[in-house]
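Each chain, written out:
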Amino acid sequence: MAVPKRKKSKSRRDMRKSQTKAAKAMPGDQRERVVVVTGGSRGIGRAICVALADQSTHVYINYVSSTASALETEEIIKSRGGSASSVRADVSRADAVKDLFKTVISERGRIDVLVNNAGITRDGLVPRMKEPDWDDVLAVNLKGTFLCIRAASRQMLKQRSGRIINITSVVGVSGNAGQSNYAASKAGIIGLTKSVASEFASRNITVNAVAPGLIETDMTGGLDSYTHERIAKLVPAGRMGKPEEVAAAVAFLASDEAAYITGQVIHVNGGIYM
């Protein structure tokens, strides 16, 4: 009686080949897009998180102070069918930034879009400005942007793809009395953007900046109607901008359609600076 031959089991190498073929046969790109937005819990940051969210995107909402606001932003995204999670980290600290991006990579394996939106103000005229007020603003706004770019770019360079969008300000090009520290930090972001763009362009990584003008946020929301109207008259468009209008510019720069745009500053200011 003939003994039937046993079928040879597939080697691990053969199994990997089969899996690769199956993956190539899948129609379209099923990869999840991973987005990190610093200072994303409220205001312009929240609008950016919502604008970038969709069913094929996971948004990491970075925040440093208000957990409640971050969770609220997370719920808004989820209520619209998106995916999001909140991560607390002070972007002015190198160890915190390292941990932030370590979390993202360990959970998702990639970073497709980084939006550096975190920023603070400590206004005051130069003769009266305290040194810590200068240091704090530069540490969060400029150093924080550098630290996040450095951390995210290591993964993007491996992927040979990515989008980096830095939020600067109209005062970074126009200056503003009483905001020398803030204006200096935002002007520095523009120089940083252009320099990094030239470094990464050949690796399919674009780096751009968006410069908002007068935007309706929590800070301007507390102004009385007279002051609000007086400020709005400074803008040729006759009104302050909305966070969603800034977010729309960011969403475009993060899209495939903006693949040939790098090293640029997109002004969203209603004509207050031309």
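The sections below set out a description of the structure shown in this document. (Residues numbered from 1 in each chain as written. Predicted model: local features only at pLDDT ≥ 70, side-chain atom pairs only at ≥ 80, totals over all residues. Heavy atoms only, no water.)

Quick look at the packing of helix α2 (residues 43-52) against helix α3 (residues 67-79) now. Running from N to C, α2 and α3 cross one another at 25°; their axes reach a closest spacing of 9 Å. Taken together, the axes of α2 and α3 are roughly parallel relative to one another. Note that α2 runs across α3; the crossing there is right-handed. Two secondary-structure elements touch here, α2 through Arg46, Cys49 and Val50 and α3 through Ser69, Glu72, Thr73, Ile76 and Ile77. For the contact of α2 with α3, the residue count by class is four nonpolar, two polar and two charged. (Axes fitted to C-alpha atoms, helices over the stretch in contact; angles between N-to-C directions. Helix = DSSP H or I, 4+ residues; strand = E, 2+ residues; numbered from the N terminus. Parallel < 35°, antiparallel > 145°, perpendicular 65-115°, else oblique. Left-handed = near helix turned anticlockwise from the far one by under 90°. Contact = heavy atoms within 4.5 Å. Nonpolar A, V, L, I, M, F, W, Y, C, P; charged D, E, K, R; others polar.)

By the element assignment, Asn116 lies in strand β4 (residues 113-116). Since its relative accessible area comes to 2%, Asn116 is described here as buried. Looking at Asn116, its side chain comes within polar contact range of the side chain of Asn166, at 2.8 Å. In this structure Asn116 touches Thr38, Gly144, Thr145, Cys148, Ile149, Ile164, Ile165, Asn166 and Ile167, once residues within four positions along its chain are discounted. (Buried < 20%, exposed > 50% of the residue type's maximum accessible area, 1.4 Å probe, protein only. Polar contact = N/O pair within 3.5 Å; in protein donor to acceptor, adjacent residues only side chain to side chain.)

A cluster of basic side chains, namely Lys98, Lys102, Lys143, Arg150 and Arg154, defines a positive patch on the protein surface. Elements with a contribution of two residues or more to the positive patch: α4 (94-108) and α5 (131-159). For the positive patch, the element with the most residues is α5, which contributes three residues. Among the secondary structure elements, Arg150 is positioned in helix α5. (Patch = residues over 30% accessible without salt bridge, like charges linked within 9 Å, V, L, I, M, F, W, Y side chains within 5 Å. Areas by Shrake-Rupley, 256 points an atom, 1.4 Å probe, with all protein chains shown as cover. Salt bridge = Lys/Arg side-chain N within 4 Å of Asp/Glu carboxyl O. Lys, Arg positive; Asp, Glu negative; His and termini not counted. Charge placed at Lys NZ, Arg CZ, Asp CG, Glu CD.)

The next thing to look at is helix α10 (residues 243-253). Restricting attention to buried positions, one finds in α10 the residues Pro243, Val246, Ala247, Ala249, Val250 and Leu253. Angular distribution of buried residues about the axis of α10 spans 155°; they occupy a single face of the element. (Arc of directions from axis to C-beta.)

The biggest cluster of nonpolar side chains holds 28 residues, and the ones touching the most others in it are Phe101, Leu114 and Ile164. Ignoring anything within four residues of it in the chain, the contact list for Leu114 reads Val36, Phe101, Cys148, Ile149, Ala152, Met156, Arg163, Ile164 and Ile165. One finds Ala70, Ile165, Val246 and Val268 within the second-largest nonpolar core, a separate group that totals 27 residues. (Core = buried A, V, L, I, M, F, W, Y, C linked by side-chain atoms within 4.5 Å.)

What follows is about a nonpolar patch on the surface. A cluster of nonpolar side chains, Val173, Leu234, Ile272 and Tyr273, forms an exposed patch at the surface whose accessible area comes to about 330 Å². Inspection of the secondary structure assignment puts Ile272 in the segment after β7 (265-268).

Moving on: the sheet that holds strand β6 (residues 205-212). Strand order in this open sheet of seven strands is β3-β2-β1-β4-β5-β6-β7, and the pairing throughout is parallel. Of all strands in the sheet, those bounded by a partner on one side alone are β3 (83-88) and β7. Here the strands of the sheet are splayed against their neighbours by 20° on average, with no regard to which way each runs. Where strand β5 (residues 162-167) meets β6, six bridges bridge the pair, whose relative direction is parallel. (Pairing = 2+ DSSP bridges.)

This part takes up the pairing of β6. Counting buried positions along β6 gives eight out of eight residues, so the element sits mostly inside the fold. Burial of the side chains of β6 extends over both faces: Ile205, Val207, Ala209 and Ala211 are buried on one face and Thr206, Asn208, Val210 and Pro212 on the other. As paired elements, β6 and β7 share four bridges and run parallel to each other. Residue pairing in the sheet places Ala209 in a bridge with Val265 of β7.

Turning next to the pairing of β3. Regular strands show a simple pattern: their side chains alternate between the two faces of the sheet. In this structure, strand β2 (residues 57-63) lies alongside β3, joined through six bridges in parallel fashion. Within the sheet, the bridge partner assigned to Val59 lies in β3 and is Ala84. Following the backbone out of β2, through α3 and into the adjacent parallel β3, one traces a crossover that is right-handed. (Right-handed = clockwise from strand over helix to strand, strands pointing away.)

Moving on to the packing of α4 against α5. Relative to each other, α4 and α5 sit at 30°, their axes nearing to 9 Å. Of the possible angle classes, the one that applies to α4 and α5 is roughly parallel. α4 and α5 meet at a crossing whose hand is right-handed. Counted together, Ala94, Val97, Phe101 and Ile105 of α4 and Leu147, Cys148, Arg150, Ala151, Ala152 and Gln155 of α5 form the full contact between these two elements.

Turning our eyes to something else, we now look at helix α9 (residues 225-232). Those residues of α9 not exposed but buried are Thr227, Ile231 and Ala232. Considered in projection along α9, the buried side chains sweep an arc of 135° and stay on one side of the axis. Away from its buried face, by an angle of more than 90 degrees, α9 presents the exposed residues Ser225 and Tyr226.

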